[in-house]
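What follows is the residue order along each chain.
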Amino acid sequence: MDIKQLKKLLLTTLDSIDQEKEKYVVDPKRDFIRQRKLCFKDTLLHILSMGGGTILSELSQLTGDIPSLTVSAFTQQRYKIRAKAFKNFFHLFSDKLSQSTQNQLRILAIDGSSIHIPTDPTDEGSYFPSRDDRKAYNLLHLNALFDLEKQIYTDVIIQKGRDNERSALNKMIARSKTPKALIIGDRGYESYNTLAHIREKGWFFLIRIRNNNGIISGVELPNERQFDKHFTLKLTRKQTNETKELFKERNFYRFIPANVNFDFLPQKSKKTDPTEFYSLDFRIVRFPVSEDKEVTVVTDLNKSSYPAWKLKELYHLRWGIETAFRTLKHTLGLLNFHSKKIVGILQEIYAKLIMYNFTQMIINHVSLQERDRSYQYKVNFTVAVRLCRSFIRGKAPPKELESCISQNILPIRNGRHHKRSSSRRKPPGFNYRIT
């Protein structure tokens, strides 16, 4: 798919949303029924191509140096649109981008990232009250499936700050149309229920697990830095004298309490009911990643096709979703919201996800000239997204776009490590935006 086709695909998807706009407006009998400067489609397009500046500066780039629209007019129009419009826009567009890989084994990373939004004590689901020297704040949680080959977001679920990451993954697995996929996840997704959901879908899993509790605490493993051991574990909720004897064989049977989520066994049963088991096949593999650190993973991939060294390479690919979150927040300006209302915030989150996917697919199409250099090079995403915004607005021809993107490149410096900061960045206030 070339650059022109990508833009056509984006605008065609936008047209399909526009044709059913009565589904996505607050009041279908009044909203966007008259001819105005800013129609439904243009409002969506404006929000899609906005950066992190003030609303006035963004409108200036959209409509000209002297904007013909006031900030008030734009704000009134945007709040007539439900966040569902952008949500469906994202899902339709990402599904179309994924159609070419339907018959391949897709490698998907799963992870979540917290999004700090303007403080609102009335939104109890996302509100965290002040504690000690920490001020009160609100959080949304972005759960994402990320295609590690194409480097695009394939599905997302946005939850309030206290919701469950694993339940979000299970929902995304259930609604996916992809026939074959490998899910790569970090320790937050360690759960028999999650493994069973992936298995029932016909997919594969490669999940990192904790070294001292969780799945690993219930089985007997070698006390070594590196091993690869297969298990066939039978899970049950029944606790009778017979099953208690079976539970002594820790590597073969496991009791699942009633207060632990597991969707493939009945929550309750009578004493007279026969004992139901759910069989789960997997490998637990440990491999060193440095002189003093090991990583332990659980997987159902075949040992002959995927030995430990290959699992190590696959798990390393998961870092792609971490860098994608960083790019989404700091390069596309996800944290620079132009609204304090939750509907406006959700509009912009989905718009940034669409813009990220569009820019990344453009970058995937651009070919860099091979030269005798000290480093390999990659496209500068910051420059690329700025150019793609102009391309969507019709201000950059396809040939010039591709040429300019290929000229703005950065060296890939492998092996660099930076300490990760766990502090949450507050969204910058409206009075402190760059113009």
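I keep staring at the pattern of salt bridges and nothing clicks. Help me out?
Opposite charge on two side chains lets them pair, provided their charged atoms get close. A complete count under the given rule lists 15 salt bridges for this structure. We note a salt bridge from Arg187 to Asp186, for which the minimum N-O separation is 3.9 Å. Accessibility expressed as a relative area gives 36% for Arg187, which makes it partly exposed. For Asp186, a relative accessible area of 17% translates into the label buried. Residue Glu294 is joined to Arg225 by a salt bridge in which the shortest nitrogen-to-oxygen separation is 2.5 Å. One end of the pair, Glu294, is in strand 10 (residues 293-299); the other, Arg225, is in the loop between strand 6 (204-209) and strand 7 (227-236), and 69 residues separate them in sequence. Residue classification places Glu294 among the partly exposed positions, given a relative accessible area of 21%. Beyond isolated ion pairs, a larger network of salt bridges with shared partners links Asp111, Asp186, Arg187, Arg318 and Glu322.

Got a minute to help me understand the packing of aromatic side chains in this structure?
Any aromatic ring pair is given by two values, namely how distant the centres are and how the planes are angled relative to each other. One pass over the structure, following the stated rule, counts 15 aromatic pairs. Between Tyr153 and Phe325, the aromatic rings sit 6.1 Å apart at their centres with planes inclined by 40 degrees, giving tilted as the arrangement. Here Tyr153, found in strand 4 (residues 152-160), pairs with Phe325, found in helix 10 (residues 319-331); they are 172 residues apart in sequence, far enough to count as distant. Clustering of aromatic rings is evident, with ring pairs tying together Phe146, Tyr153, Phe325, Tyr356 and Phe381. Over the aromatic face of Phe391 sits the side chain of Lys7, whose NZ or CZ is 4.7 Å from the ring centroid.

Sorry if this is basic, but what is going on with the nonpolar core here?
Most often, soluble globular proteins have nonpolar side chains that are buried together. If you look at the biggest cluster of nonpolar residues, it comprises 86 residues, and the most contacted ones within it are Tyr153 and Phe358. Discounting residues that sit within four places of it in the chain, Phe358 has contacts with Leu6, Lys7, Leu10, Phe93, Cys388, Phe391 and Ile392. Ala168, Ile216, Phe282 and Val298 belong to the second largest nonpolar core, which has 34 residues in total.

Is there a simple way to think about the packing of helix 6 (residues 165-175) against helix 7 (residues 192-201) in this case?
Each packed pair of helices is defined by two parameters, the angle between the axes and the distance between the axes. Orientation of helix 6 relative to helix 7, taken along the N-to-C sense of each, is 5 degrees, at an axis distance of 10 Å. The angle between helix 6 and helix 7 places the two elements in the roughly parallel class. Facing helix 6, whose interface residues are Arg166, Leu169, Asn170, Ile173 and Ala174, helix 7 presents Asn193, Thr194, His197, Ile198 and Lys201.

Can you help me understand the environment of Arg389 in this one?
Of note, Arg389 is situated in helix 12 (residues 381-392). Sequence spacing of Arg389 and Phe358 is 31 residues, and the spatial spacing of their C-alpha atoms is 9.7 Å.

Please explain the state of the cysteines as it appears in this structure.
Here a disulfide denotes a covalent bond joining the sulfur atom of one cysteine to the sulfur atom of another. The final tally for this structure, using the stated rule, is 0 disulfides. Of the cysteine sulfurs around Cys404, a residue in no disulfide, the closest is that of Cys388, at 10 Å. Owing to a relative accessible area of 26%, Cys404 belongs among the partly exposed residues under this scheme.

Conventions adopted
- Residues numbered from 1 in each chain as written.
- Predicted model: local features only at pLDDT ≥ 70, side-chain atom pairs only at ≥ 80, totals over all residues.
- Heavy atoms only, no water.
- Salt bridge = Lys/Arg side-chain N within 4 Å of Asp/Glu carboxyl O.
- Buried < 20%, exposed > 50% of the residue type's maximum accessible area, 1.4 Å probe, protein only.
- Helix = DSSP H or I, 4+ residues; strand = E, 2+ residues; numbered from the N terminus.
- Phe/Tyr/Trp six-rings, centres within 6.5 Å; stacked < 30°, edge-to-face > 60°.
- Lys NZ or Arg CZ within 6 Å of the ring centre and 35° of its normal.
- Core = buried A, V, L, I, M, F, W, Y, C linked by side-chain atoms within 4.5 Å.
- Contact = heavy atoms within 4.5 Å.
- Axes fitted to C-alpha atoms, helices over the stretch in contact; angles between N-to-C directions.
- Parallel < 35°, antiparallel > 145°, perpendicular 65-115°, else oblique.
- Disulfide = S-S within 2.5 Å.

No statement about biological role is implied by the geometric values presented.
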